[in-house]
Each structure stands twice: as C-alpha cells, then as structure tokens.
2 protein chains.
Amino acid sequence: MEENEALAILDQMRIEIDELLEVLIEEKSKIFGEVATISGSVLLAGGKRLRPIMVLLAYEMAGGENLEEVMPLALAFELIHTATLVHDDINDQADTRRNKATIHSQEGEAKAIIAGDWLFVQGFGLGGRYRGEVVDVMSNCCAKIASSEFHQLNHVMDLTTSPEDYLEVVKGKTAGPFSAGCEGAVMVAGKPKNQSDAMANFGMELGVAFQLVDDLLDIKGDDNMGKPRGSDVHEGKMTLPLIHALTLLHSEERARLGEILSDFKDEYFDELIELLQRSDSLSYAEILIENHLERALSYLDVFEDSQAKELMRFIVSKLSDR
Amino acid sequence: MEENEALAILDQMRIEIDELLEVLIEEKSKIFGEVATISGSVLLAGGKRLRPIMVLLAYEMAGGENLEEVMPLALAFELIHTATLVHDDINDQADTRRNKATIHSQEGEAKAIIAGDWLFVQGFGLGGRYRGEVVDVMSNCCAKIASSEFHQLNHVMDLTTSPEDYLEVVKGKTAGPFSAGCEGAVMVAGKPKNQSDAMANFGMELGVAFQLVDDLLDIKGDDNMGKPRGSDVHEGKMTLPLIHALTLLHSEERARLGEILSDFKDEYFDELIELLQRSDSLSYAEILIENHLERALSYLDVFEDSQAKELMRFIVSKLSDR
C-alpha cells in the first residue's frame, strides 16, 4: 500500500471516530448538561485517535466483519484515555493539553475531578456492553493504570529510579491500554486465545515504543505535542533517557545531571542534552524503540495478510519516524 | 418481626458484605499494591453498608433465589459510593471521613484522585458482568452523580438556591444510587419492568429522605456521622432547611441568616438553629422526611410479603428514627 493511501484510510477512520464522539457528546449534553459539555471539550479537542483506530484494525485483522460490533469498545478506550488525561493534568498541574487550557486551570479542580469521573463512566458504560472476559480485560487495564500512576508518583524526583521501575510504569500506564484495546478487539471478533494474546503482546510492545518516543520528544521538543517542551523533566518524571544517563555518567557529570534535574529550568536544556549525548542515552532510547517495534511486528505473524494488517504495520512504521 | 431479630439479620448481612470486601481488597492488593491498600483502607473503615444491603433485599423481594448472582452488583454500588466519597472529600477539603484521616489529607491529592479512580474501576469491573440494560442503569446513575455534583458546585454559597435545585442535586447524587441499586437488583432477578420501576421509585424516595435526615443531622450534630457538625454549612452547601429558612424569613432575620451562612463560624450554631426554628424549617424538613418515607413504602405494594420486604420496611422505619 502506498503511504498516501494508508494515510487517507487512517484519516477517514479518525474522522468517523471524531463524528461518533461528537454525536455522543451532543446527546449526553442534553441529559447531563455542563459536565458533558466541559468533558466533551477535551474529548473533542483533537488527538490522533490512535487507540480507537488500533481497536478497529485489530478487530478487522482478526476477521471481524461488523465494525459496529466493536465500535463501542473503540470509543470506550478513547473516553477512558481522555479521563486519565484530565486527572493526570490536575496531578501534574498542567495548564495546557492539546494546545487548549486544561479543565482544572479553567474551571477549577473540583469540576476537573468530576469531569474525569464522568468520562470514565461513559467509557465503562460503553465497554460494559461486552461479555465478562472483555470487561475484565478493560477493568484490569484501568486498575493497572492507577497502580502504575502510584508507582510513578513514588518515583517523582527519585534519581535512583531503575529501568525496571520505568518499564513497570510505562507498561501499566501507556502500553497497557494499547494492549487491552487490541486484545479486547480480538475477543469481540470471537477469535481464540492465541490470537488475542498475540494482539495483546503487539499492543504492549507498540505502547512501550510509543512512550519512549514521547520521552524523546519531551526532551528534543515537538510542536505537535500540545504541551510545552520538557514537561516531564519539570515535573520530575524519570523518563528512560534520564534514567540511563544517571546510571552511566560518572563523578562530576553525574552530579551535575542530578543537580540540573532536581531543580530544572529551561535554560538548562542545552546542557541537559549535552550530558545525555555524552552517555549516548538518546541513541540508546532510539535503539530500544526500534527493538520494541520490531518485536511488535513479529506478533502480527499469526494473523493472515489483510488491508487492516498492512495499516497496522504502517502505524508501526510511522511511529519510528515521529 | 421483632426489632432485635431484624437488627440481627441486617447486622449479619453487613458482616458478610464486610468480609467479601476484605477478601476483595486482600486479593487486589496482591496485584495492584499500594493503590489497592490505600483505597481499601477507606472502603473497610466501616460504614453501614446500607446500599449493598438494599441491593440484596431488593433482589430477594423480587424473588431472586441465588444471592451470589446479585452480590457483585451489591459490592459494585458500595465501591462506587466509596469512590465518590474519596473524590468528594478532596473537593470539600474534608480532613476526616468515618472518623479517619481522608486519603488526600494523608497521602496528597494526586494519590487521592487515583485511589478514587481505582475504586470506580473496581465497581465497574464488578457491575460490568451484567447484561447491557443493568450496566446502563449503573452507568447512567454514575453519570448523573457527576452532573448533579456540577449543579451543586454551581450553587455553593448561592443564597438563592431553590428547592428544585436542591432536589435535583439530591436525586442525582444521593438518591440516584439507591434507586439504581434497587432497580438493577430486580432486573438481575429477572422481573418485569413494573417491578424494577417500582423498586427504582422506592429507592429514589428513600434516598431523598436519607439525604434530608443527613442535612438535619449536620445541623443538629450527631456523633455517628464521622465528620464534624456543620460540615455542610461550613462548605456553603445549601441544604433544604437553609433554603427553606432563606425563603420564609423576612427583613432583618433573612439578612442575618444570609450573613451567618456567608461566613459561618461554629459560634453561630445557636443563632442559626434559633433562626431555623423561627421559620419552622427543621420541622418542615422532618415532615418532608416522613412524606418521602411514606411514599417509598407505597411502592413496595407490588411485591409479595416476604422476610426481605419486612426488612426493607424496617430500614425505612429506622431511617425516620435517626
């Protein structure tokens, strides 16, 4: 498939998802008023809709033929994702998200907490339509998001955070939802465990790569992030390049990196990047990304060739170009 | 049934629910660690377990014969109730709940938000096992909790809050979950709509009465509340006795009441109660409570006599003695 063709199909999927989300918020706003419109303003502020698109593609790859059957699950994962963003932004005291003011900065914390709850409820309302084992995958994934956020909070500004700590947080918080969405989609398509397991593993590997890319972009800067460069560093979040550099650097360089990270200011950016280059930490993260993406692709082998599979492979290839 | 017998049976039900919740938290703590233990500490800090008990009784009243079938729903409503308490306590900046330090005051707001989310997820994980229409009742109820909390926030310190505003908040936030739990239980028992509707109405009426009793106790003080007397007044929450007095009192008395409420201090309590008595607002609330409880009882008529029905009537009668 040509790149342009793939991009066009994915874009069409995104537009359809956007339209369904718009209709959902419009209908819910009639019933629930302000909480629905405010929550909706974040939900509808854009975003790549990567999670729901992957749910749809996973379903099609597994031979599912009625997209309407899996669509509520796809939307559920986007709603839950947005719910976690709203609550995260409170905890991170972030002022902007997707280039818009965050709910708590605009409406106050109380409304932001409740708006996040409302989005969770909508997600679970949609996901709760499926049979017990699909619901279990979803609720287990959400519970792990919470436990890994605890883990992450416990390591804020902790310069001794290990790569294992990092991976546990990333697997729970970022990769878990990718994995659960893909796994649930295969279950909805009625396919056996070896296929849903393969898709779960695919989602997990892709999700880890996704987070590593995000970590790099936070350091290098990216206009499409919708939040300021260095947000993670300012918040004391221990991303892999930092953990790697803290492990490898010696004596004064290690001490200086610790100093910089403990009270980060934008004017330290050049120095930070120099230190990270000295320990080859950015290249290390780049290699890891490729490894995870390669492993992700290998899990797709159990599925027959299809347009959906080509599109999923295309998503993988675009991730390494980000 | 003798009072002592009824109390003994209800107490036994409470103990069984407590045990199941303890097992749940113990098992989940092995998987999810700190977020489960911290959330569990609030969940297991006591409480009357009125919501799950009513779910079980409603199921039995509707002829349900396998309590295991409805137990996940009963626990789900207790988990969701506790989730809303954790998030409410952040928004109300409450230091204690059930006579224990609240999560946010002990562990910080970030962990409290996530702990509440985790409890929501556990509740939905259990409730999501049921068929679509039961899930809809539950998710609709939770979405209404959120919208009525928005409504309530918009009326904090608003001395012109109407009884209609009050009722909308109470129906969504307090009575709605009673109603949805009872309604869902009848659905799980496989009974027709006239019975699930009747039980929904019963729960709604009982829930409104429950909140009115709570409003009175907040003003009069009650050692069993687990939170300080006058919490609502301090937080600027417009409870019915206050709304009624603000409507009925004239000139200086009305002005003085407004003054007191706008910057409430504990030393104003005697004066507040005197003003509320002058407008007969406490008696008015007491009469409303009896009316709602009477209406609640009338909805039970469609159900055959049973021990469960006697116990439900007993709960109604105890509520008016609180």
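Residues numbered from 1 in each chain as written. Chains lettered and ligands numbered in written order. Predicted model: local features only at pLDDT ≥ 70, side-chain atom pairs only at ≥ 80, totals over all residues.

1. Notes on the overall build of chain A
Right, so step 1: On a plain count of helices and strands, chain A comes out with 15 helices and two strands.
Right, so step 2: Relative to the globule expectation of 20 Å for 322 residues, the C-alpha radius of gyration of chain A, 20 Å, shows essentially globular dimensions.
Right, so step 3: Seen through its principal axes, chain A has C-alpha atoms that stretch 60 × 45 × 35 Å.
Right, so step 4: Of all 322 residues assigned to chain A, the portion counted as buried reaches 49%.
Right, so step 5: Put simply, 73% of the contacts in chain A that link residues at least 6 apart link residues at least 24 apart. (Helix = DSSP H or I, 4+ residues; strand = E, 2+ residues; numbered from the N terminus. Rg over C-alpha atoms; globule rule 2.2 N^0.38 Å. Buried ≥ 20, exposed ≤ 12 C-beta atoms within 10 Å, placed from the backbone. Contact = placed C-beta atoms within 7 Å.)

2. Quick word on the interface of chain B and chain A
Right, so step 1: Each partner contributes residues to the interface: chain B has 32 residues there, and chain A has 32 residues.
Right, so step 2: Breaking the side of chain B that touches chain A down by element, the ones donating at least two residues are helix H2 (34-43), helix H4 (67-91), helix H6 (109-127) and helix H7 (132-154) of chain B.
Right, so step 3: Per-element accounting of the side of chain B that touches chain A gives the leading share, 12 residues, to H6(B).
Right, so step 4: Grouping the amino acids of the side of chain B that touches chain A by side-chain chemistry returns 16 nonpolar, 10 polar and six charged. (Nonpolar A, V, L, I, M, F, W, Y, C, P; charged D, E, K, R; others polar.)

3. Regarding the nonpolar core
Right, so step 1: Counting 193 residues, the largest nonpolar core has Val55(A), Ala58(A), Ala185(A), Val55(B), Ala58(B) and Ala185(B) as the members making the most contacts within it.
Right, so step 2: Not counting the four nearest positions on each side in its chain, Ala185(B) is found in contact with Val55(B), Ala58(B), Tyr59(B), Ala62(B), Val70(B) and Leu73(B). (Core = buried A, V, L, I, M, F, W, Y, C linked by C-beta atoms within 7 Å.)

4. Points about the packing of helix H12 (residues 251-262) of chain A against helix H13 (residues 269-278) of chain A
All names here are of chain A.
Right, so step 1: Direction vectors running N to C along H12 and H13 enclose 140 degrees, while the axes themselves pass 11 Å from each other. Judged on the interaxial angle alone, H13 and H12 are oblique. The handedness of the crossing between H12 and H13 is left-handed. Between H12, through Glu253, Arg256, Leu257 and Ile260, and H13, the contact on the second element is made entirely by Glu271, Leu272, Leu275 and Arg278.
Right, so step 2: Within the contact of H12 with H13, the residues separate by chemical class into four nonpolar, no polar and four charged. (Axes fitted to C-alpha atoms, helices over the stretch in contact; angles between N-to-C directions. Parallel < 35°, antiparallel > 145°, perpendicular 65-115°, else oblique. Left-handed = near helix turned anticlockwise from the far one by under 90°.)

5. Topic: unusual backbone geometry
Excluding glycine, most residues fall at negative phi; most peptide bonds, likewise, are trans.
Residues and elements named next belong to chain A.
Right, so step 1: For arginine 49, which is not glycine, the phi torsion reads 60 degrees and is therefore positive.
Right, so step 2: Assignment of secondary structure puts arginine 49 in the loop between helix H2 (34-43) and helix H3 (50-61).
Right, so step 3: Notably, glutamine 93 is not glycine yet its phi reads approximately 50 degrees, a positive angle.
Right, so step 4: Of note, glutamine 93 is situated in the loop between helix H4 (67-91) and strand E1 (96-97).

6. With respect to the environment of Gly123(A)
Residue and element names in this part refer to chain A.
Right, so step 1: Here glycine 123 shows up in helix H6 (residues 109-127).
Right, so step 2: Taking the C-alpha atoms as reference, glycine 123 lies 9.5 Å from threonine 82; in sequence the two are 41 residues apart.
Right, so step 3: In contact with glycine 123, other than residues within four places in its own chain, are Ala76, Leu79, Ile80 and Ala83.

7. Side note on the confidence of the model for chain A
Right, so step 1: Across chain A, the average pLDDT comes to 94, with 99% of residues at 70 or higher.
Right, so step 2: The least confident element of chain A is E1(A), whose mean pLDDT is 86; the most confident is H3(A), at 98. (pLDDT = per-residue confidence, 0-100.)

8. Things to note about the packing of helix H14 (residues 281-299) of chain B against helix H15 (residues 307-321) of chain B
Residue and element names in this part refer to chain B.
Right, so step 1: Put simply, H14 and H15 touch, their axes get as near as 10 Å, and they point 175 degrees apart. Comparing their axes, H15 and H14 come out roughly antiparallel. Contacts between H14 and H15 pair Ile289, Glu290, Leu293, Ala296 and Leu297 from the former with Arg313, Val316, Leu319 and Ser320 from the latter.
Right, so step 2: In the contact of H14 with H15, the residues fall into six nonpolar, one polar and two charged.

9. Some remarks on H2(A)
Right, so step 1: The buried fraction of H2(A) is high, at seven of 10 residues.
Right, so step 2: Residues of H2(A) that are buried: Val35(A), Ala36(A), Ile38(A), Ser39(A), Gly40(A), Val42(A) and Leu43(A).

10. Focus: the relation of the copies chain B and chain A
Right, so step 1: Superposing chain B onto chain A requires a rotation of 180 degrees together with a translation of 0.0 Å along the rotation axis, leaving an RMSD of 0.0 Å. Taken together, the rotation angle and the small translation identify this as a two-fold axis. Minimal C-alpha distance to the rotation axis in chain B is attained by Gly128(B), lying at 2.3 Å.
Right, so step 2: A high fraction, 100%, of the interface residues of chain B reappear at the interface in chain A, so the copies pair face to face through one surface. (Least-squares fit on C-alpha atoms with pLDDT ≥ 70 in both.)

11. Side note on helix H9 (residues 193-220) of chain A
All names here are of chain A.
Right, so step 1: The first and last C-alpha atoms of H9 sit 40 Å apart over 28 residues, in line with the 40 Å expected at 1.5 Å per residue.
Right, so step 2: Within H9, 21 of the 28 residues are buried, leaving the element largely enclosed by the surrounding structure.
Right, so step 3: Downstream of H9 by one or two residues, glycine 221 has phi in the positive range, about 90 degrees. (Expected span 1.5 Å × (residues − 1).)

12. A closer look at the environment of Leu10(B)
Right, so step 1: Summarising the element assignment, Leu10(B) is placed in helix H1 (residues 3-32).
Right, so step 2: For Leu10(B), the contacting residues outside a window of four places in its chain are Ile53(B) and Leu311(B).

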